Structure formats: C-alpha cells, structure tokens
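# Remarks on the overall topology
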Amino acid sequence: MANVPVPASGEAPRPGKPMHPKGLYKAFAASLTGTALEWYDFAVYSAAAAVVFPIVFFPSSDPLTGTILAFSTYAVGYVSRPVGGIIFGRLGDRIGRKKVLVTTLMIIGVATVLIGVLPGYGSIGISAPIILVLLRFAQGVGVGGEWGGAVLLSSEYGDPHRRGFWASAAQVGPPAGNLLANGTLAVLTVTLSEAQFISFGWRLAFLVSAVLVGFGLWIRLKLEDTPIFKAIEAHGEQPNAPVREVFSKELRPLVAATLCRVGPDVLYALFTVFTLSYGIQTLGYDRGQVLTAVLIGSAFQLFMIPLAGAVSDRFNRRLVYVIAAAVGAVWTFIFFAILGGHSEPLLIAGIVLGLMAHSFMYGPQAAFIVEQFSPRLRSTGSSLAYTFAGVIGGAIAPLMFTLLLSQFGTWIPVAIYVAVAAVVTIVGLALGRDSNTVEDEDYRLLLEGSAAASGQSAVAEMR
C-alpha cells in the first residue's frame, strides 16, 4: 500500500474495530442474504440438472447420456465465472463494492426466472437446450462477479482481527441457498406426482427467485460502500488496470488463492450435486431421501461455517484449513463405503459429516483469500481466484465423477479424485501468507484522519 500516513502521535495502529457498527451489521446481512439468494438460484439449477433436465431438455434413450449433458450445462455456469470475475472484480476496485453487488444480483435473478419459463425440448426442439446454456452462462457471469464483492462487503466493515468470522457471511450463502433450493424441491417432490413435478413443479422453484432477488436488492441498495474502499477512493488510489497489476505484482497470491479453493469446490460438488444422481440412479434411493439428506447437511453448515471462521481467527487459519482438507479427503472413502447398505440414517450422517469437513475449509476460505491481496487489488484478485478455481474445481467435478463411475464401475476413482483435489488445496495453502491486519488498520486510520480534517475545516469556515 502506498504512502499511508501513521498517526501524528507516532502510536502504532490500534486493533481494528468496526467504524460504523450499524453499517457492519447491514453489511453482514447484505453479504449473507445476497449470496444466499444468488446461490438459491444456482443450487436450484444444480439440483434440477441432476433430476429433471436430463428428461426435459436432454431426452435420450440412455439415462447416462442425459445426465452427462445436463452436468455439462452445469459446468457452463462455472466456465463463465471468470468472465464475471474479470469484469466485476475490476469494477469493484474501480467504482466500489456496492454497485457491483447490485448488478450481479439482478443478472442472476433475471436469468433464473427465464429458465423457469423456458419451454422444453418437446416444445421448441434444439432451441431449448441452446437457450438454457446461454441463460446458464449469464448465471455464471453474475456469480463470478458476486463473490469477491460480497466477501469484501462484510470483511472490510468488520474488525480485521476477526476477519475469519465476518468474511464467513458470504460463505454461509451457498449452504443457505442450497437449503432453500433443496427444501423447495423436496416440498414439491412430496406434494406433486412424478408427472406433475417433471411437467411444471420444478419451474415453481425457479420462479420464486423473483421475490427473493427483490428482497436482496432492497437490502443492498440501502447500504453504503465499505470504509476501506472509501479511503482508497478518497485518496485516489484506485488501480487503473487492476487485472494487469494482479498478474504482474501479485501472481503468487493469485496462484495460492486459486489452488486453495479447488478441494472445497470438489468436495461440495460431491456431497450436494453428484450424490443426488448417484444415490438415486445407482444406489436406488428415493429422490426425497437424498434431497432430505442434503437439506440436513446444509442446515448444519449454516452454523458450522461461521464457527469455522471464528476458530480460524483464534488459531492459525492455514492450519485449520489444512486439517479440514485432509479430513475431507479421508471421509470421502468412508462415505462411499457406508452407502452400500441402503441405510437412510447412514446416508444422512455421511453427507452431514462430509459437509462439516467442507465447512472448516469454507469458513476460513474467504478471509484467507482476501488476506493474500493488497486492499486496492482485493476485489480483482479475490474474484479472479474464485472464478479460476471454479473452472478447475467445481465446474468439471460432477462430470468427472459421472465419467469415472461409468468407466470403472466403482466409486474408488471418484474418491481418489477428491483426495487429489485436497492435495492441490494444501499446496495452495503452503504458497499463501498468514493474516496481515496492518494494511486494513492503516486505511481505517487514513479515513478517520480525512474525516477529522474535514470536520476541522468545516468548523474553521464557520468561524
């Protein structure tokens, strides 16, 4: 950070604290609810890709082919994320976090509603899957630009010494959205017949998005930008070419932040997406049983993710992350081994424990990624890392799981794939740096100094 003055008294920067407690709570709520609503949209698509889209948009005499095609459109949403990360990450460092978050929410909401009214293959033929892919691409662009801004919104309002907890607000969004999405689909599955669910029931879950997005916009429009960005903007320190600067000056942080996300993305795809098709089509569980298990696992994550973030504030963040990655890899082998008995309690326990391991990676993750980049490049760096990791992690994971299972006829290669992803994450953590709160504290002091100077100037003018 360039030329940030120290207080005139020469005192060391004091531990950070929220400058505006009310603003902090609003930021936490906006970060959590916004990502929850957007991940509701994304999770509805993920669930539908496993149980509905192979029938409605990709009809085939071979169920495996339909599933692979449906998961291919799932991957499109990840591949398009770097587009959103580059566009909106850059804008987050140039014009502010808030404006970006409002725009991304609208993009995902509109795309999801349009998917809900899109005619199937039986009505408009090949146009249906083509339009579906385009709308999925738009969803991915929105999510790619959303995450970096949402993380900064809560973490830059909060105490940098408790960044793990405050940044976890955005991390609660995926399980909260997944909870809402799978809960909605579970209710529709129970209340509607199979034919009704395939015909129109799944569309209702997509159309609900209009109400949810409206609520999210209402929260975000009432919020100011973060104190850190205000200080950067007030002193004209916004980067002119943030993407270029990240690659030229902060390449190692970018690599570290990207690799650290691969394991959690793959593990999450296994327990919330692939388990749906594997449990239903391969093991013969009822759709309602699998959806209920994912629902319960997501409910536990609502509490486990903030807890994991807080634990990482108390202990070394990277160490907590590494242990969780190793546990997640080992648990995957155990999970598949216990599913063969067709026991619903074991299915639920397996998913819950798998998502708990994910939580202790995902909770500290946002803070770890934010801490890799200097404040003036955080939006760009965080967004690029998030989206690049999505392409090599979560995007291809469900497709690879399906292909490995069909090729080898056993779950063992799938579990090995998860273990390799965990190793990649551990390498990323080794390349990264530990928490650095001084940068945030200096910017807060800079903003406080500017405010005090403005107040003194106003008093002098009145005299």
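To be clear, the structure that these remarks concern was listed above.
Analysis parameters
Residues numbered from 1 in each chain as written. Predicted model: local features only at pLDDT ≥ 70, side-chain atom pairs only at ≥ 80, totals over all residues. Heavy atoms only, no water. Helix = DSSP H or I, 4+ residues; strand = E, 2+ residues; numbered from the N terminus. Buried < 20%, exposed > 50% of the residue type's maximum accessible area, 1.4 Å probe, protein only. Areas by Shrake-Rupley, 256 points an atom, 1.4 Å probe, with all protein chains shown as cover. Contact = heavy atoms within 4.5 Å. Phe/Tyr/Trp six-rings, centres within 6.5 Å; stacked < 30°, edge-to-face > 60°. Expected span 1.5 Å × (residues − 1). Salt bridge = Lys/Arg side-chain N within 4 Å of Asp/Glu carboxyl O. Core = buried A, V, L, I, M, F, W, Y, C linked by side-chain atoms within 4.5 Å. Bend = angle between axes of the 7 residues up to and from the residue. Axes fitted to C-alpha atoms, helices over the stretch in contact; angles between N-to-C directions. Parallel < 35°, antiparallel > 145°, perpendicular 65-115°, else oblique. Left-handed = near helix turned anticlockwise from the far one by under 90°. Nonpolar A, V, L, I, M, F, W, Y, C, P; charged D, E, K, R; others polar.

Within the protein chain, the regular secondary structure consists of 20 helices and zero strands. In the protein chain, which comprises 463 residues, the proportion classed as buried is 59%. On the protein chain, roughly 17200 Å² of surface is accessible, and the fraction owed to carbon and sulfur atoms is 69%.

Counting through the fold element by element, E245 comes out in helix α12 (residues 242–249). When sequence neighbours within four positions are dropped, the list of residues in contact with E245 reads P239, N240, E250, R376 and L377.

So, on to the packing of aromatic side chains. Within the structure shown, the criterion is met by 12 aromatic pairs. Plain terms: the ring middles of Y278 and F336 are 5.5 Å apart, the flat faces sit at 85° to each other, and that makes the pair edge-to-face. With Y278 in helix α13 (residues 251–282) and F336 in helix α15 (residues 317–339), this pair connects stretches of sequence that are 58 residues apart. Both residues of the pair, Y278 and F336, count as buried. Residues F336 and W411 carry aromatic rings whose centres are separated by 5.5 Å and whose planes lie at 10° to one another, so their mutual orientation is stacked. Linking F336 in helix α15 with W411 in the loop between α18 (397–408) and α19 (412–431), this pair joins segments that are 75 residues apart in sequence. In this structure F336 comes out as buried when scored by relative accessible area, which is 4%. Aromatic rings pair up to connect F271, F274, Y278, F333, F335, F336, F401, W411 and Y417 into one cluster.

In a regular helix each residue adds 1.5 Å, so 20 residues correspond to 28 Å; α19 covers 29 Å between its end C-alpha atoms and thus fits that length. Those residues of α19 that sit buried are P413, V414, A415, Y417, V418, A421, A422, T425, G428 and L429. Where α19 is buried, its residues contact α13, α15, α16 (344–370) and α18.

Looking now at the pattern of salt bridges. In total, this model carries seven salt bridges according to the counting rule given. Residue D265 pairs with R261 through a salt bridge whose shortest N-O separation is 3.0 Å. Of this pair, D265 and R261 are both found in helix α13, four residues apart, which corresponds to roughly one turn of the helix. In terms of burial, D265 and R261 fall into one category: buried. Between D434 and R318 there is a salt bridge, and its shortest N-O distance comes to 3.0 Å. Of the two residues, D434 sits in the loop between α19 and α20 (438–462) while R318 sits in helix α15, which places them 116 residues apart along the sequence. Shared partners join several salt bridges into a network, and the residues in it are R163, D313, R317 and E371.

What follows is about the side chain of S209. Take S209: it is sitting in helix α10 (residues 209–221). Beyond its immediate chain neighbours, meaning those up to four positions away, S209 contacts Y40, D41, G109, T112 and V113.

In terms of nonpolar packing, the biggest core is built from 110 residues, with V52, F53, F57, W202 and F401 touching the most fellow members. Top element by residues in this core is helix α1 (residues 21–51). It accounts for 15 residues.

In this model, helix α14 (residues 287–314) (28 residues) spans 41 Å end to end at C-alpha, consistent with the 40 Å of a helix rising 1.5 Å per residue. The axis of α14 is deflected most strongly, by about 35°, at L302, and proline P306 appears within four residues downstream.

Two numbers describe how α13 lies on α16: the axes approach to 10 Å, and their chain directions differ by 155°. By the criterion of interaxial angle, the relationship of α13 to α16 is roughly antiparallel. Where α13 crosses over α16, the two elements pack in a sense that is left-handed. Residues A256, A257, C260, R261, P264, L267, Y268, F271, T272 and T275 of α13 touch α16, and the partners they reach there are L347, G350, I351, G354, L355, A357, H358, M361, Y362, Q365, F368 and I369. Tallied by class, residues from the contact of α13 with α16 come to 15 nonpolar, six polar and one charged.

Take the packing of α13 against helix α17 (residues 378–395) next. Look at α13 against α17: their axes get within 8 Å of each other, and the N-to-C directions meet at 45°. Classified by the angle their axes make, α13 and α17 are oblique. Seen along the crossing, α13 lies across α17 with a hand that is right-handed. Residues L254, A257, T258, R261, V262, D265 and V266 of α13 touch α17, and the partners they reach there are G381, L384, A385, Y386, F388, A389, G390, I392, G393 and G394. For the contact of α13 with α17, a count of residues per class yields 10 nonpolar, five polar and two charged.

Before going further, it helps to examine the environment of M304. Relative to the helices and strands, M304 resides in helix α14. Residue class for M304 comes out buried when judged on its relative accessible area of 14%. On a C-alpha basis, the gap between M304 and A357 in space is 9.4 Å, while along the polypeptide they are 53 residues apart. The residues contacting M304, other than those within four sequence positions of it, are M356, S359 and F360.

Okay, the environment of L185 next. When you line up the elements, L185 lands in helix α8 (residues 163–191). Note on L185: relative accessible area 4%, which makes it buried. With 103 residues separating them along the chain, L185 and G288 place their C-alpha atoms 8.9 Å apart.

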